[in-house]
Amino acid sequence: MKKSVLLGAMTVAGLAAGAAAAGTLDDVKARGKLNCGVTTGLVGFAAPDANGNWDGFDVGVCRAVAAAVFGDPTAVEFVPTTGKTRFTALASGEIDMLARNTTWTFSRDTDLKFDFVGVNYYDGQGFMVPKALGVSSAKELNGATVCIQTGTTTELNLADFFRANNITYTPVPIETNAEALQQYLAGACDTYTTDASGLAASRATFEAPADHIVLPEIISKEPLGPLVRHGDNDWGDIVRWTLNALIAAEELGITSANVAELSAAPTSNPEINRLLGTEGELGKMIGLDGAWAKNAIAAVGNYGEVFEKNIGSNTAIGLARGLNAQWTDGGLLYTPPFR
Amino acid sequence: MTRATEAFVRHQMLPQVPPPSSQAGIVKWLRENLFSSIGNSIMTIASFFALWWALDAVWPWLTNGVWTTSSLSQCREVLQGEVGACFSVLAERWNQLLFGFKYPAELYGRPTAAFLLLFIAAAPVLFYKTFPRYLLIVTAAYPFIAFWFIWGGSILVPIVAALGILGAMFVFKKYGNQNFATGLFGGIAAALVIWWLGGKIADAMPNFLALQEVASRDMGGFMLNMILGVVCVSLSLPFGILLALGRRSDMLIIKWICVLFIEFIRGVPLITLLFVANVVLAYFLPPGTSFDLILRVIIMITMFSSAYIAEVIRGGLAALPKGQYEAADSLGLDYAQAMRLIILPQALKISIPGIVNVAVGLFKDTTLVSVISMFDLVGMIRGPILGSTAWNGVYWELFGFAALLFFVVCYGISQYSQWLERQLRTDHR
């Protein structure tokens, strides 16, 4: 608690509604820290470790943006948000960007006045059932009880899917993922539905993961991505192109291990040179210094490295790249050229 | 006279003998309490059976507990399918459960000291018969010391805050006797002036006897529950008394303000007020000015519980016979004296169970702050710890630990209140 704040609150009375809308980048630079909204804890995507350091797939995006702006991946204040507080935190300016596996939808982009800057994880809603239930397709779930987290898009997708297939279900509304798993394992519901990444992560923590299967149907598109406030396009550009830089880095073969070497002198690949600032002035165009992308990649690695470290096949969560592979490998990751 | 007229006369007393074994000691106790009738005997045996059944299930889980692994999957490897708890999560994350994940580890001693001091500070109030009255000064100083210990920063901040309150009390004492309003508003003005001036001085010397500062955002764990619980309970009691008196006041405006406040606050769920504190206020305040979140939450919870306590105390006031009020009037006491010396001591005594009820409920309600992304004990468990790859899936151990901590505190409050009721009992039952 800042002393001036405490005493100011006591003296209070007039709260000058100043707020000259300076650019977010200027605010962030003046503060010396990026305020990045993350979840309060989701396996693989964002959680503090035993020493209180945040780690995870979404956290990587925050750190990359901080590295691009300040050259320092630790210049981030992580602001944990719940599903209910995340949008107000962003709209009110408490955070500069939100990287909290949030689905990019029409109304969030337009009506809520946010800008999704890209997609860092292509997810989709799936169903997990116990093997003993003997179900092999989600269309066989007629009359099933379904554990579902309230207040999320998954709830609406579920209703759409069952209505489209003309089958019925009984929802068991629950608040958190942890509660849902307890209910599911206790047999309070036949199936649990949420994003397939979440199902895989949860299944990995079961005592007997082999007794449960994730059904093949993916019933929704859940493009998860970082977002910023409407109206400050300069800041939106910085976040968008930092994310794109990580994706491009993988495509171009730049890793955290070789980025220093590749950026030391111009290479034979002009796109690498432009990205790493040894050729052209891309950094200046978005108000950062020439080494912005180099710093971001050096801090967290390219997209593939972030993926493998936090949620990849070698981690407990063990997600395959799937849709999240580069377009050259049959995935959906496709960044516009750095030119 | 050698022939005895009676068949037998005892000439000396028999030595006392112990009662028959069925009428003494454990046997008697068992017979009276556990096996006094056939029905009770059946109940006793059934209860023992249930107890044994529960213990049989829980005991191996407790004793087989694993304390040293670094993830849930390692726990399962060690246990090899046997029943056993994975207490390793407590061993690894105990500090986060108690202090939150951002409170600097090297400073844990400070909130701990503040916690221990709490007992010393509370003792003169709680056991007012045992301790001399002048020790109350320790109690009065405690909030400022505790603030300094937990939040750190320059010592000038709590000192200025304390001076402001002292100044206000001084002005009120001096002028409040002649005219209540002059005293009250003069006191408030004096406090504001002192805070304003002192704030300038404190801002100018941020390093004067400064402890390392910790931001409110970094508070968490059971420490946050304790801060919210202690502060809000102790603030809501005086506010509750004022509201209760206000509601029974003859002055129309004061009465209606109190009625409106109480009815409004009681009609709104606490969780809504918390959302207002967290979310809605952020829209009204200019961006960048962060009105301290803990302060916002404290204000909301205090408002909430003082409305409830006010109604409890109003019940106590209503229970007093009218004669008590008339007796006070007939002695020539004014309103303040009558309340302080005659009415409130009796009304509060009647209200104790109700007040304790509210206090215990309030303390447990502090866990609701986890929905506005504050990391109290439950928020810590539900968010960061269950969200980590290593501990995702450990539920019983974590929530059992949380339940244990809350039980200890709430049971302590309840035991104290029963003791206090016995102390204050003046009738001859």
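Conventions used here
- Residues numbered from 1 in each chain as written.
- Chains lettered and ligands numbered in written order.
- Predicted model: local features only at pLDDT ≥ 70, side-chain atom pairs only at ≥ 80, totals over all residues.
- Heavy atoms only, no water.
- Helix = DSSP H or I, 4+ residues; strand = E, 2+ residues; numbered from the N terminus.
- Rg over C-alpha atoms; globule rule 2.2 N^0.38 Å.
- Buried < 20%, exposed > 50% of the residue type's maximum accessible area, 1.4 Å probe, protein only.
- Contact = heavy atoms within 4.5 Å.
- Areas by Shrake-Rupley, 256 points an atom, 1.4 Å probe, with all protein chains shown as cover.
- Patch = residues over 30% accessible without salt bridge, like charges linked within 9 Å, V, L, I, M, F, W, Y side chains within 5 Å.
- Salt bridge = Lys/Arg side-chain N within 4 Å of Asp/Glu carboxyl O.
- Pairing = 2+ DSSP bridges.
- Axes fitted to C-alpha atoms, helices over the stretch in contact; angles between N-to-C directions.
- Domains from an automatic or database assignment.
- Buried area = accessible area lost by both parts, 1.4 Å probe.
- Polar contact = N/O pair within 3.5 Å; in protein donor to acceptor, adjacent residues only side chain to side chain.
- Parallel < 35°, antiparallel > 145°, perpendicular 65-115°, else oblique.
- Left-handed = near helix turned anticlockwise from the far one by under 90°.
- Nonpolar A, V, L, I, M, F, W, Y, C, P; charged D, E, K, R; others polar.
- Core = buried A, V, L, I, M, F, W, Y, C linked by side-chain atoms within 4.5 Å.
- Expected span 1.5 Å × (residues − 1).

Details of the overall build of chain B
Per the secondary structure count, chain B includes 16 helices and 0 strands. Over its C-alpha atoms chain B spans a radius of gyration of 29 Å, topping by over 25% the 22 Å that the globule rule assigns to 429 residues. Based on the C-alpha atoms only, the size of chain B along its principal axes is roughly 110 × 80 × 45 Å. Residues counted as buried form 41% of the 429 residues belonging to chain B. Counting only contacts in chain B whose residues sit at least 6 apart along the sequence, the fraction spanning at least 24 positions is 69%. Approximately 24900 Å² of chain B is accessible, and the part contributed by carbon and sulfur atoms is 70%.

Description of the overall build of chain A
Per the secondary structure count, chain A includes 14 helices and 13 strands. In terms of C-alpha radius of gyration, chain A reaches 22 Å, essentially the compact-globule figure of 20 Å for 339 residues. For the C-alpha atoms alone, the extent of chain A along its principal axes is close to 65 × 60 × 40 Å. Relative to its 339 residues, chain A shows a buried fraction of 53%. For chain A, the share of sequence-separated contacts (at least 6 apart) that also reach a separation of at least 24 residues comes to 70%.

So, a nonpolar patch on the surface
Residues and elements named next belong to chain B. Judged by side-chain polarity, I26, V27, W29, L30, F35 and I45 come together as a nonpolar surface patch covering roughly 580 Å² of accessible area. As for its placement among the helices and strands, V27 is situated in helix 1 (residues 25–33). You can call V27 partly exposed: its relative accessible area is 38%.

Thoughts on the sheet that holds strand 8 (residues 125–130) of chain A
Residue and element names in this part refer to chain A. Sheet architecture is open: 5 strands sit in the order 10-9-11-8-12, paired in mixed fashion. Each edge of the open sheet carries a strand with a single partner, namely strand 10 (169–174) and strand 12 (212–214). Sheet twist, expressed as the mean angle between neighbouring strand axes with direction ignored, is 30°. Pairing analysis gives 2 bridges linking strand 9 (residues 144–149) to strand 11 (residues 191–195), with the strands arranged parallel. Within strand 11, the residue paired with C147 across the bridge is Y192. Across the face of the sheet, helix 7 (residues 177–185) comes into contact with strand 8, strand 9, strand 10, strand 11 and strand 12 while running at roughly 155° to strand 11.

Let's talk about the domain arrangement of chain A
Residues and elements named next belong to chain A. Segmenting chain A into domains produces domain 1 (26–122 + 223–329) and domain 2 (125–220). On a C-alpha basis, the centroid separation for the pair domain 1 and domain 2 is 30 Å. Here domain 1 meets domain 2 over a buried area of about 680 Å², counting both sides, of which 57% is carbon and sulfur. Three residues stand out in domain 1 for area buried against domain 2, namely K84, I317 and L319, and they jointly supply 36% of the buried area on that side. Run the count over domain 1 and domain 2 and you get 0 salt bridges. There are 0 residue pairs in polar contact (both at pLDDT 80 or more) connecting domain 1 and domain 2.

So, the pairing of strand 11 of chain A
Residues and elements named next belong to chain A. Counting buried residues in strand 11 gives 5 out of 5 residues, a clear majority hidden from the surface. Alignment of strand 8 against strand 11, held across 4 bridges, turns out to be antiparallel. Of the residues in strand 11, the one forming a bridge with Q125 is D195.

A few points about the packing of helix 4 (residues 88–99) of chain B against helix 16 (residues 396–424) of chain B
All names here are of chain B. It is the contact of helix 4 with helix 16, at a shortest axis distance of 11 Å, that shows an interaxial angle of 45°. On the basis of their axis angle, the class for helix 4 and helix 16 is oblique. Where helix 4 crosses over helix 16, the two elements pack in a sense that is right-handed. Across the interface between the two elements, V89, L90, L97 and L98 from helix 4 touch E397, L398, F401 and L405 from helix 16. Residue composition of the contact of helix 4 with helix 16, grouped by class: 7 nonpolar, no polar and 1 charged.

Quick word on the nonpolar core
Core analysis: the biggest nonpolar cluster contains 167 residues, and M97(A), W235(A) and M219(B) have the highest contact counts within it. When residues in this core are grouped by element, the largest group, 13 residues, is from helix 14 (residues 335–365) of chain B. Viewed by domain, this core spans two of them, domain 1 (26–122 + 223–329) and domain 2 (125–220) of chain A, each represented by three or more residues. M219(B) has contacts with F99(B), Y103(B), I150(B), W151(B), V214(B), L224(B), I227(B) and I294(B), leaving out every residue within four places of it along the chain. In terms of nonpolar packing, the next biggest core, distinct from the first, is built from 14 residues, V146(A), I148(A), L158(A) and I219(A) among them.

Focus: helix 4 of chain B
For helix 4 of chain B, built from 12 residues, the straight-helix expectation of 16 Å at 1.5 Å per residue is met to within 8% by its first-to-last C-alpha distance of 18 Å. Within helix 4 of chain B, the full set of buried residues consists of S88(B), V89(B), L90(B), R93(B), N95(B), Q96(B), L97(B) and F99(B). Residues of helix 4 of chain B that are buried make contact with strand 2 (47–48) of chain A together with helix 3 (72–79), helix 5 (109–126), helix 9 (221–247), helix 15 (377–385) and helix 16 of chain B. Looking one or two places after helix 4 of chain B, you find G100(B), whose phi comes out positive at around 85°.

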